[in-house]
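Below are the chains, spelled out letter by letter.
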Amino acid sequence: MNKEIQPPEPIVRKPMLRKHGGLSPGLRIGRGFSKKELEAVGLDLKTAEKLGLRIDKRRRTMHEWNVQALRDYLTKIGYSVKEDNK
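Residue positions within a chain follow its written sequence, with the count starting from 1. Reporting of local features is limited, given that this is a predicted model, to residues whose pLDDT is at least 70; pairs of side-chain atoms are given and counted only at 80 or more, and all residues count toward the totals for whole chains, interfaces and linings. Computation of side-chain values: all heavy atoms of the structure, hydrogens and water removed.

**Student:** Would you mind going over the pattern of salt bridges in detail, with residue names and values included?
**Tutor:** Side-chain pairs of opposite charge can arise whenever the charged atoms involved come near each other. Any carboxyl oxygen of Asp or Glu that lies within 4 Å of a side-chain nitrogen of Lys or Arg is treated as forming a salt bridge with it. A full pass over the atoms with the stated rule returns four salt bridges. Across the pair R58 and D56 runs a salt bridge whose closest N-O atoms are separated by 3.6 Å. What makes D56 buried here is its relative accessible area of 10%. R71 is the partner of E64 in a salt bridge, and the nearest nitrogen-oxygen pair spans 3.9 Å. On the basis of relative accessible area, E64 is assigned to the partly exposed category, the value being 45%. Summary of the burial criterion: residues with accessible area below 20% of their type's maximum are buried, those above 50% are exposed, and those between are partly exposed, where the area comes from a 1.4 Å probe applied to protein chains only.

**Student:** Residues and numbers for the environment of A48, please.
**Tutor:** The topology assignment puts A48 in helix α2 (residues 45-50). The buried category is assigned to A48, whose relative accessible area is 0%. Between the C-alpha atoms of A48 and L38, which are ten residues apart in sequence, the distance is 7.6 Å. Put simply, DSSP H or I for four residues or longer makes a helix, DSSP E for two residues or longer makes a strand, and each gets a number counted from the N terminus.

**Student:** If you had to explain the environment of V41 to someone new, which residues and values would you point to?
**Tutor:** Note that V41 resides in the loop between α1 (35-40) and α2. The spatial distance from the C-alpha of V41 to the C-alpha of P7 is 15 Å, given a sequence separation of 34 residues. Note on contacts: a residue pair is in contact if any heavy atoms of the two residues lie within 4.5 Å. In this structure V41 touches V67, L70, R71, L74, V81 and K82, once residues within four positions along its chain are discounted.

Written as structure tokens, this is what we have:
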């Protein structure tokens, strides 16, 4: 693997602030990619770990920007990417 290409950072939403009327405070860097996001690009957990990707096994959300970041990263390192069936 090329040392110049760094794995992407997973971006997640911050928790909603209920006491302030349900404001959404924005985004932050997460602990890792969810299983659904990895499956969307055709990776399993073992392969993702071998590629140096961080995994958050507790998170169940799937964000499209994380899936796109994974696709971009996998194409940069020359890994075959699963395409959308739209």
